[in-house]
Amino acid sequence: MLKENEIGKNLPILFENKENCAGCSACYSICPQKAISMVEDEEGFLYPEIDHKKCIHCYKCQEVCEFSNQRKESENLSLIDTFVIKASDEERKKSQSGGLFAVLSDVILENGGVVYGCVFNEKFEAVHVRADDKKNRDLMRKSKYVQSNKLDTFCGVLEDLKKGKKVLFTGTSCEVNGLISFVEKNNKKLIENLYSVDLICRGVPSPLVWRDYLNWEQKKAKGNIKRVICRNKTFFGWHSYVTTIKFSNFRSVESVTFTNIFDNACVFRPSCYNCPYKNIHHNSDITIGDCWGIEKNIPSLDDNKGISIALVNSSKGSDLINMASKNLYMRHIEIKDYMQESLRKALKKPDFREEFWSDYKNNDFLFIARKYCKYRPLEDMKWKIKKYLRWNLKKY
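Here the structure is a predicted model, which is why all the values come from computation and not from measurement. (Residues numbered from 1 in each chain as written. Predicted model: local features only at pLDDT ≥ 70, side-chain atom pairs only at ≥ 80, totals over all residues. Heavy atoms only, no water.)

Caption draft 1: A look at the overall build of the protein. Scanning the protein from terminus to terminus reveals 16 helices and 15 strands. Computed over its C-alpha atoms, the radius of gyration of the protein comes to 21 Å, within 12% of the 21 Å expected for a compact globule of 396 residues. By the burial criterion, 56% of the 396 residues in the protein qualify as buried. Long-range contacts, defined as pairs at least 24 residues apart, comprise 72% of the intrachain contacts of the protein with a sequence gap of at least 6. Here the protein has roughly 18900 Å² of accessible surface; of this, 50% comes from carbon and sulfur atoms. Side chains of the protein carry 65 positive and 52 negative charges; the gap between the two charge centres is 5 Å. (Helix = DSSP H or I, 4+ residues; strand = E, 2+ residues; numbered from the N terminus. Rg over C-alpha atoms; globule rule 2.2 N^0.38 Å. Buried < 20%, exposed > 50% of the residue type's maximum accessible area, 1.4 Å probe, protein only. Contact = heavy atoms within 4.5 Å. Areas by Shrake-Rupley, 256 points an atom, 1.4 Å probe, with all protein chains shown as cover. Lys, Arg positive; Asp, Glu negative; His and termini not counted. Charge placed at Lys NZ, Arg CZ, Asp CG, Glu CD.)

Caption draft 2: Region of the structure containing the pattern of salt bridges. Counting across every chain of the model gives 25 salt bridges. Between Asp 89 and Lys 305 there is a salt bridge, and its shortest N-O distance comes to 3.7 Å. Taken as a pair, Asp 89 in helix α4 (residues 89–93) and Lys 305 in the loop between α12 (294–297) and β14 (308–312) lie far apart in primary sequence, 216 residues in all. A residue is classified by how much of its surface remains accessible, and Lys 305, at 40% relative accessible area, is partly exposed. A salt bridge links Lys 134 to Asp 106, with the nearest nitrogen and oxygen atoms 3.9 Å apart. Remark: Asp 106 occurs in helix α5 (residues 100–110) and Lys 134 occurs in helix α6 (residues 134–137); sequence separation between them is 28 residues. Take Asp 106: its relative accessible area is 11%, and that puts it in the buried class. Through salt bridges that share partners, Glu 91, Asp 106, Glu 110, Lys 134, Arg 137, Asp 138 and Arg 141 make up one connected network. (Salt bridge = Lys/Arg side-chain N within 4 Å of Asp/Glu carboxyl O.)

Caption draft 3: Spatial organisation of the pairing of strand β8 (residues 167–172). The element β8 is extensively covered by neighbouring structure, given that six of its six residues are classed as buried. In this sheet, β8 lies alongside strand β6 (residues 114–120) in parallel orientation, the contact comprising three bridges. Pairing of Val 115 across the sheet is with Leu 168, part of β8. With six bridges joining them, β8 and strand β9 (residues 194–199) adopt parallel strand pairing. For Val 167, the partnering residue across the bridge sits in β9 and is Leu 194. In terms of handedness, the path from β8 via helix α8 (residues 173–186) over to β9 forms a crossover that is right-handed. (Pairing = 2+ DSSP bridges. Right-handed = clockwise from strand over helix to strand, strands pointing away.)

Caption draft 4: Summary view of the sheet that holds strand β12 (residues 252–255). Spatially, three strands are ordered β10-β11-β12 in an open sheet, and the strand pairing comes out antiparallel. Only two strands of the sheet have a single partner each, and these edge strands are β10 (225–229) and β12. When the angles between neighbouring strand axes are averaged without regard to direction, this sheet yields 15°. Pairing of β10 with strand β11 (residues 243–247), which is carried by four bridges, proceeds in the antiparallel orientation. Bridged to Val 228 within β11 is Ile 245. (Axes fitted to C-alpha atoms, helices over the stretch in contact; angles between N-to-C directions.)

Caption draft 5: The sheet that holds β9, seen in detail. Overall, mixed pairing links the eight strands, which are arranged β7-β6-β8-β9-β13-β14-β5-β15 in an open sheet. Across the chains shown, the open sheet's two edge strands, defined by having one partner strand only, are β7 (126–131) and β15 (329–332). Adjacent strand axes in the sheet meet at a mean angle of 25° when their direction is disregarded. Along the sheet, helix α7 (residues 153–162) contacts β6, β7, β8 and β9; its crossing angle with β8, the most-contacted strand, is approximately 160°. Strands in contact with α8 are β7, β8 and β9; relative to β8, the strand with the most contacts, it is inclined by about 135°.

Caption draft 6: Up close: helix α9 (residues 207–221). A rise of 1.5 Å per residue sets the reference length of α9, with its 15 residues, at 21 Å; its end C-alpha atoms lie 21 Å apart and thus fit the reference within 8%. Listed as buried for α9 are Pro 207, Leu 208, Val 209, Trp 210, Tyr 213, Leu 214, Trp 216, Glu 217 and Ala 221. Phi turns positive, to about 55°, at Lys 222, one or two residues after α9. (Expected span 1.5 Å × (residues − 1).)

Caption draft 7: Here's a closer look at unusual backbone geometry. The phi dihedral of Lys 222 is positive, around 55°, even though this residue is not glycine. Take Lys 222: it is sitting in the loop between α9 and β10. The class for Lys 222 is exposed, based on a relative accessible area of 70%. Despite not being glycine, Lys 374 has its phi angle at roughly 55°, a positive value.

Caption draft 8: Molecular detail of the side chain of Gln 96. Checked against the element boundaries, Gln 96 lands in the loop between α4 and α5. On the accessibility criterion, Gln 96 (5% relative accessible area) is buried. Within the structure, the side chain of Gln 96 is placed 2.9 Å from the backbone nitrogen of Ser 143, a separation counted as a polar contact. Polar side-chain contacts of Gln 96 include one of 2.4 Å to the backbone oxygen of Arg 231. (Polar contact = N/O pair within 3.5 Å; in protein donor to acceptor, adjacent residues only side chain to side chain.)

Caption draft 9: View of the nonpolar core. Core analysis: the largest hydrophobic core is formed by 40 residues, its most contacted members being Trp 210, Val 228 and Phe 356. Take this core: its biggest share by element is seven residues, from α9. When neighbours within four sequence positions are excluded, Val 228 is seen to be in contact with Phe 120, Phe 124, Trp 210, Leu 214, Thr 243, Thr 244 and Ile 245. Cys 27, Val 167, Leu 179 and Leu 194 belong to the second-largest nonpolar core, a separate cluster that totals 34 residues. (Core = buried A, V, L, I, M, F, W, Y, C linked by side-chain atoms within 4.5 Å.)

Geometric descriptors of this kind do not, in isolation, establish any biological role.
See below:
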């Protein structure tokens, strides 16, 4: 895909429509001239833009795009094994699901490696960062239901690999595939020390909507946000999706408003409706997520404290799982019994998505919350009462 400018040079076009860009940042990272910037669009998603004055027409940005090129077809990949996994109760308390990510990353850190994953920064924006100790790694625990800004993560991974370090990177499938393509384009041999873990992903919500939601809750509470828990498993259990926000004035809110906006799927990136990674064949070393289906298939294991599913996709993934196994409960399962929607097909774009974004641009967040999130003030109070009752039950 080339475009001719006024002096006859062919200029790269990174995507023809927004459904063909996952925002992984591989093109941004590989540009030798730093001619590409990641720019937020009207829905809050980052897209690459080329400064044609800096572009030297090397076309590395086009070549590295895994999402558009889909170089590795799923039928050429194989699923080695599938496990239901949980860590100790102590690990699971600190994690959103079964604690698998923490135990896998412990193996890497204890062998002198580094970990890259998603955290909330001081503004509660989702960003990818680097950790070389467990304290900073722990910030990567728990779910963040919003697309992450990768910043210069891919370049950081490459530098660590060049130094001979083992690197664990965790992210969505499009991020992992983008990173693998980026590393391979630089030096294919470096892949040997890259351990990639992708997440079973329904879709990535808009950072703009997440930002506006938090601002809305902050104004209602009249205090600054101090902590956000996207799924408060401690009080409401693993099966629930209650968001807890704590404020500087000691107030807190328990809410399913953002859960409901997530469920209606209007806030997902356009590429999520065109995602090529919604199957059981992944290019990562290990695919992890919530083990939905455990409640039907092995109900004795479902204690509502969180349990993970792991799809092992490579020999490196098998090695990593084996090294971590001493700190895990593991049980072989048949993947056919755990085929959640995100392992079968891409999400269907809602028919009312355009209506949603038109409403979003022309109304305040309260309007959106009432129309699309079933928001009622008494709904939040219901969850607060449930939390209070469970807190008191724990005392006795």
